[in-house]
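Coordinate inspection notes
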Amino acid sequence: MSTCNTGPDFSSGFPAFVSAGDILTDLVRVPAPDGTPAHGDSHWRAHPGGAGWNVARAVARLGLPTACVGALGTDNFSDELWNASVAAGLDMRFMQRVAHPPLLAIVHQTHPPAYYFIGEQSADLAFDPAKLPEGWRAHAKWAHFGCISLVRQPLGETLATLAAELRAAGVKISFDPNYRNLMAHGYEPILRRMAALADLIKVSDEDLRMLFPNHSETEAIAAMRALNPAATLLVTRGAQAASLHTVDGEVIEAAPPRVEVADTVGAGDASIGGLLFSLMSTPQRTWRQHLAFALAAGAAACRRAGAHSPTLDEVVALLAD
Ligand SMILES: Nc1ncnc2c1ncn2[C@@H]1O[C@H](COP(=O)(O)OP(=O)(O)O)[C@@H](O)[C@H]1O
Ligand SMILES: [Mg+2]
């Protein structure tokens, strides 16, 4: 596997951006050609994935030195994730390998999605921050957390502690809860804890409905903001207008560019990755400009099948339209 020759150069030190946890293999059932449910053999496709891993790839592809922080196994699926991480230009000093089974997301139906996870005592859970390369924290500017890694113990506790330590050291924290069915019970404590640490929170309209089931969207946004009024909140709504709620109470709305959609897998991850890239690479931009960049990154991800990480050129081309 060759490394991406246009990728960031890590020779000079540690990455300014890390995305922690959430690296797994999606095993997706391939529907029968006539769309009927499988009654015998079924076909499966394995995709390297995980929301956090997608965010890492998004930022790396746009052009900033990036690491995905976590642990993989020593099996075939983990080898594929490792190779795809190398190809994405991620700093591999941050990816640990342990002789435990892989974490799999079994997506046995796609319309509507139905899934469960296989990952008892799996490799991801064994991630150990003490084994990360010495001195990296001083170079980190932003760290991203979210999704199922926060509810898989002992990993969730490890990551929440890491987030608190990074924040105390001046690293900015990004958080995308990315609702999954694992969070149906007992998610509130970690939601509160991570939201309180965050400088930036991203939720989709669907996340809001699942996290605050008895609330209108306006009430859910208010509840989310109340968890940490000092965090900027990005609310995305697929092809509909997104809103950015600043710490000054300003609400900026914008629609994503219209694109021909191959699929929307990883769109949210590309949009928060795009926002983080914009904040880190061009801090002088206004919030409206950062939002436009994020939405173009999300839309660009939809133009290609799978969790496509758009290049800077792809995003800039959409912004110019
Ligand atoms: N159908 C679409 N057309 C254009 N852009 C889209 C579409 N779906 C998603 N996006 C882009 O991806 C962003 C995140 O999508 P969304 O579906 O809200 O998040 P998530 O993937 O987390 O559910 C949107 O704000 C938009 O920029
Ligand atoms: Mg999402």
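Structural data are supplied above this passage.
Residues numbered from 1 in each chain as written. Chains lettered and ligands numbered in written order. Predicted model: local features only at pLDDT ≥ 70, side-chain atom pairs only at ≥ 80, totals over all residues. Heavy atoms only, no water.

**Section: the overall build of the protein chain**
Cut-off, in case you're wondering: In DSSP terms, a helix is any run of H or I states spanning at least four residues, a strand is any run of E spanning at least two, and both are numbered starting from the N terminus. Categorising residues by exposure relies on relative accessible area from a 1.4 Å probe, with only protein chains included: less than 20% of the type maximum marks a residue as buried, more than 50% marks it as exposed, and the intermediate range marks it as partly exposed. Contacts are assigned to residue pairs that have any heavy atoms within 4.5 Å of one another. Surface accessibility in these figures is a Shrake-Rupley result with a 1.4 Å probe; residues are shielded only by whichever protein chains are displayed. Positive residues here are Lys and Arg, negative ones are Asp and Glu, while His and the chain termini are left out of the count. Where a charge sits is defined by one atom per residue type, namely NZ (Lys), CZ (Arg), CG (Asp) or CD (Glu).
If you tally the helices and strands in the protein chain, you get nine helices and 13 strands. For the protein chain, the spread of C-alpha atoms along the principal axes amounts to about 55 × 50 × 40 Å. Within the protein chain, the proportion of its 321 residues that are buried is 52%. At a minimum sequence separation of 6, the contacts of the protein chain that also span at least 24 residues come to 69%. Of the roughly 14800 Å² that the protein chain leaves accessible, carbon and sulfur atoms contribute 53%. Each charge sign in the protein chain was given a centre, from 24 positive and 32 negative side chains, and these centres are 3 Å apart.

**Quick notes on empty space enclosed by the protein**
Rules: Site definitions follow a grid-based scheme: protein atoms alone, a 1 Å grid, a 1.4 Å probe that fits but cannot get out for cavities, and for pockets an open set with protein on both sides within 12 Å along at least five of seven lines, plus lining residues having an atom within 4 Å of a point. Grid points are joined across faces, edges and corners, and a volume is the space filled by probe spheres set on the points. Amino acids are sorted into nonpolar (Ala, Val, Leu, Ile, Met, Phe, Trp, Tyr, Cys and Pro), charged (Asp, Glu, Lys and Arg) and polar (every other residue, Gly among them).
The final tally for this structure, using the stated rule, is three cavities of 30 Å³ or more. By volume, the largest cavity is sized at about 70 Å³. Ile23, Leu72, Ser78, Pro102 and Leu103 are the residues nearest the centre of the largest cavity, which is lined by 15 residues in total. Of all the elements in the fold, those that place two or more residues in the lining of the largest cavity are strand 2 (24-30), strand 4 (66-72) and helix 2 (76-87). For the lining of the largest cavity, the element with the most residues is helix 2, which contributes three residues. Class assignment of the residues belonging to the lining of the largest cavity gives a composition of 10 nonpolar, three polar and two charged.

**Thoughts on the sheet that holds strand 9 (residues 172-176)**
Formally: One requirement defines pairing of two strands: DSSP has to find at least two bridges between them. Axes here refer to lines fitted to C-alpha atoms; in helices the fit is confined to the stretch in contact. Angles between the N-to-C directions go from 0 to 180 degrees.
If you walk across this open sheet you meet the nine strands as 5-4-1-8-9-10-11-12-13, and the pairing is mixed. Strand pairing shows two members of the sheet lacking a second neighbour, strand 5 (95-97) and strand 13 (251-254), which therefore form its edges. In this sheet, neighbouring strand axes are inclined to one another by 20 degrees on average, regardless of whether the strands run parallel or antiparallel. Bridge count for strand 11 (residues 232-237) against strand 12 (residues 240-245) is four bridges, and the pairing is antiparallel. Opposite Leu233, over in strand 12, you have His245 as the bridge partner. The strands touched by helix 3 (residues 155-168) within the sheet are strand 1 (17-20), strand 8 (142-146) and strand 9, with strand 8 carrying the most contacts at an inclination of about 155 degrees. Sheet strands touched by helix 7 (residues 267-281): strand 1, strand 8, strand 9, strand 10 (200-204), strand 11 and strand 12. Its angle to strand 10, the strand with the most contacts, is close to 155 degrees.

**Some words on helix 4 (residues 188-197)**
Filter applied, for reference: Starting at the helix axis, one direction is taken to each C-beta atom, and the arc is that of these directions.
All of the buried residues along helix 4 are Ile190, Leu191, Met194, Ala195 and Leu197. For helix 4, the angular spread of the buried residues around the axis is 160 degrees, confining them to a single face. Structurally, helix 4 contributes buried residues whose contacts are with strand 8, helix 3, strand 9, strand 10, helix 5 (205-211) and helix 6 (217-227).

**Some words on the site of ligand 1**
The line we're drawing: To be near a molecule or strand, a residue needs just one of its heavy atoms within 4 Å of it. Any N or O atom pair separated by 3.5 Å or less is treated as a polar contact, with the protein-specific requirement of one donor-capable and one acceptor-capable atom, and with residues adjacent in sequence counted only for side-chain atom pairs.
Lys202, Thr236, Gly238, Gly268 and Leu295 are the nearest of the 18 residues found near ligand 1. Lys202 places a side-chain nitrogen or oxygen 3.0 Å from an oxygen atom of ligand 1. Contributions of two or more residues to the shell around ligand 1 are made by strand 10, strand 11, helix 7 and helix 8 (287-302). If you tally residues by element for the shell around ligand 1, the top one is helix 8, at four residues. Looking at the shell around ligand 1 residue by residue, the class counts come to nine nonpolar, seven polar and two charged.

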